[in-house]
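The primary structure of each chain is shown beneath.
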Amino acid sequence: MKDRFRAIMVRNDGGTTRAGLEELSLPDLMDGDVVVAVSHSTVNYKDGLAVTGRAPVVRKFPMIPGIDLAGTVETSSNPKFKPGDKVLINGYGLSENHFGGYSEFARVNADWLVPLPAAFSPAEAMAIGTAGYTAMLCVLALEDAHVTPDKGPVVVTGAAGGVGSVAVALLARLGYRVVASTGRPEEEAYLKGLGAAEIIPRTELSGAAKPLAKERWAGAVDTVGSSTLANVIASLSYGGAVAACGLAGGMDLPASVAPFILRGVSLLGIESVYMPMTRRLQAWQRLARDLDVKALAAMTQMISLKDVPKAAEDILAGRIRGRLVVEIGP
Ligand code: NDP
């Protein structure tokens, strides 16, 4: 193990957040029973918020951001893991109150570790990352709500983003007719390549929502929130459901109860950070079965640790298509 290693550290100086590369050594890391040599991480929307300080994701300063990591166990005092095991973590407070994945080494709790599925390399697992794992949680929630492909089309909002791209690929592979809502018409070929049957402009769903609109979708994955989610709810067909996981368009929900009480629709809240381990393992098993690795490759770009601060700005500005993987270790 190296004596000194690189990490991105976020510091708060008098209310101003600054992120930069620093050199650390193992005693600088937080407590935990497993040390992981991190080979890859990723940039999710929430990482953008943490690195730029645009929203209070980081609860303790200084902080190593990065809500996801993948790598190899270096040392473990917990019998569940041994040196050489390939592992990943999504969430569990990384980058909020525990040092996260933008570091060559991470000391973490064994209870947070998911064994790397055999279907994926560490880089592929981070191409999925919290965004892709959350997309799978959305699909599982729709399945639990009996939204099956024969019931009608499903809409994915924020489709060209990380959660959206993986949701489009998963739902299309599972046989759903996927309608992709995007603010980037130039990404039509990309989204159709992932399996979208139809592309609609984001503006079709972003105005003030009527209490009830024409029934259009049996199901939906919404990453945008606000009036977009309100419009999706108003246009769900009888008995339909929307898995709501995001706030890229805002945190409010200017909606009516009409679709709930007149059409029996369901609003399914999706939370990934503290999702119990059994559901995580189920999500990762289903990703291994249902996600086409060629589609995953088509949505992924590789960057290095020093590129993370710029990528954080870009993802918040909606300039990132699909997923970013951060190459960290050997
Ligand atoms: P991305 O930035 O990759 O994707 C978000 C997409 O939303 C953009 O690509 C864009 O899609 C669309 N969008 C951005 N701004 C607006 C806007 N003002 N109005 C309408 N659409 C907009 O982020 P992620 O995929 O990483 O995350 C998506 C959302 O899901 C975030 O809000 C994130 O916080 C949330 N999330 C929640 C989780 C949970 O546990 N609940 C876990 C993971 C993510 P397009 O260009 O196609 O229109």
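Further up the page is the structure itself.
Structure report, in brief. From a predicted model like this one, the values you see are computed outputs, not experimental measurements.

**Quick word on the overall build of the chain**
Move 1: Scanning the chain for helices and strands turns up 9 helices and 15 strands.
Move 2: Seen along its three principal axes, the alpha-carbon backbone of the chain occupies a region of about 60 × 45 × 35 Å.
Move 3: A separation of at least 24 residues holds for 71% of the contacts in the chain among residues at least 6 apart in sequence.
Move 4: Split by element, the accessible area of the chain, about 13400 Å² in all, is 54% carbon and sulfur.
Move 5: Mean positive and mean negative side-chain charge positions of the chain (33 and 33 charges, respectively) differ by 3 Å.

**What about the environment of Ala-119?**
Move 1: The topology assignment puts Ala-119 in the loop between β7 (114-115) and α2 (122-144).
Move 2: Spatially, the C-alpha atom of Ala-119 lies 9.0 Å from that of Leu-287, the residues being 168 residues apart in sequence.
Move 3: Ala-119 has contacts with Glu-124 and Ala-288, leaving out every residue within four places of it along the chain.

**Section: the site of the ligand**
Move 1: Lining the immediate surroundings of the ligand are 25 residues, of which Val-163, Thr-182, Gly-183, Arg-184 and Ser-272 lie closest.
Move 2: Interatomic distance of 3.1 Å between a backbone N/O atom of Tyr-45 and an oxygen atom of the ligand.
Move 3: Between the ligand and Ala-248 there is a distance of 3.3 Å, counted from an oxygen atom to a backbone nitrogen or oxygen.
Move 4: Protein contact buries 86% of the 910 Å² of open area that the ligand shows by itself.
Move 5: Residue assignment for the shell around the ligand shows that the elements contributing at least two residues are α2 and α3 (162-173).
Move 6: Within the shell around the ligand, the residues separate by chemical class into 10 nonpolar, 12 polar and 3 charged.
Move 7: Residue assignment places the shell around the ligand across two domains, with domain 1 (5-116 + 299-327) and domain 2 (129-269) each supplying three or more.

**Re unusual backbone geometry**
Move 1: A cis amide bond links Phe-61 with the next residue in sequence, Pro-62, at an omega value of -10°.
Move 2: The topology assignment puts Pro-62 in the loop between α1 (45-52) and β4 (68-76).
Move 3: Residues other than glycine seldom take positive phi values, yet Ser-95 does so here, at roughly 75°.
Move 4: Examined against the element boundaries, Ser-95 turns out to sit in the loop between β5 (86-90) and β6 (105-108).
Move 5: Judged by its relative accessible area of 0%, Ser-95 is buried.
Move 6: Backbone geometry at His-146 places phi at a positive 65°, although glycine is not the residue there.

**Notes on the pattern of salt bridges**
Move 1: This structure, assessed with the given rule, holds 20 salt bridges.
Move 2: Between Arg-286 and Asp-290 there is a salt bridge whose closest N-O contact spans 2.6 Å. Of the two residues, Arg-286 and Asp-290 are both situated in helix α7 (residues 277-290); the distance of 4 residues between them amounts to about one turn of the helix.
Move 3: Arg-286 gets classed as buried once you look at its relative accessible area, which sits at 12%.
Move 4: A residue is classified by how much of its surface remains accessible, and Asp-290, at 5% relative accessible area, is buried.
Move 5: A salt bridge links Asp-307 to Lys-306; the shortest N-O distance between them is 3.2 Å.
Move 6: Judged by its relative accessible area of 28%, Asp-307 falls in the partly exposed class.

**Some remarks on the environment of Gly-246**
Move 1: Secondary-structure assignment places Gly-246 in the loop between β12 (236-244) and α6 (258-263).
Move 2: Each residue touching Gly-246, except ones within four places of it in the same chain, is listed here: Asp-222, Thr-223, Val-224 and Gly-225.

Here is what the cut-offs are and how they apply
- Residues numbered from 1 in each chain as written.
- Predicted model: local features only at pLDDT ≥ 70, side-chain atom pairs only at ≥ 80, totals over all residues.
- Heavy atoms only, no water.
- Helix = DSSP H or I, 4+ residues; strand = E, 2+ residues; numbered from the N terminus.
- Contact = heavy atoms within 4.5 Å.
- Areas by Shrake-Rupley, 256 points an atom, 1.4 Å probe, with all protein chains shown as cover.
- Lys, Arg positive; Asp, Glu negative; His and termini not counted.
- Charge placed at Lys NZ, Arg CZ, Asp CG, Glu CD.
- Near = heavy atom within 4 Å.
- Polar contact = N/O pair within 3.5 Å; in protein donor to acceptor, adjacent residues only side chain to side chain.
- Nonpolar A, V, L, I, M, F, W, Y, C, P; charged D, E, K, R; others polar.
- Domains from an automatic or database assignment.
- Buried < 20%, exposed > 50% of the residue type's maximum accessible area, 1.4 Å probe, protein only.
- Salt bridge = Lys/Arg side-chain N within 4 Å of Asp/Glu carboxyl O.

Function cannot be read off these values alone, since they describe shape.
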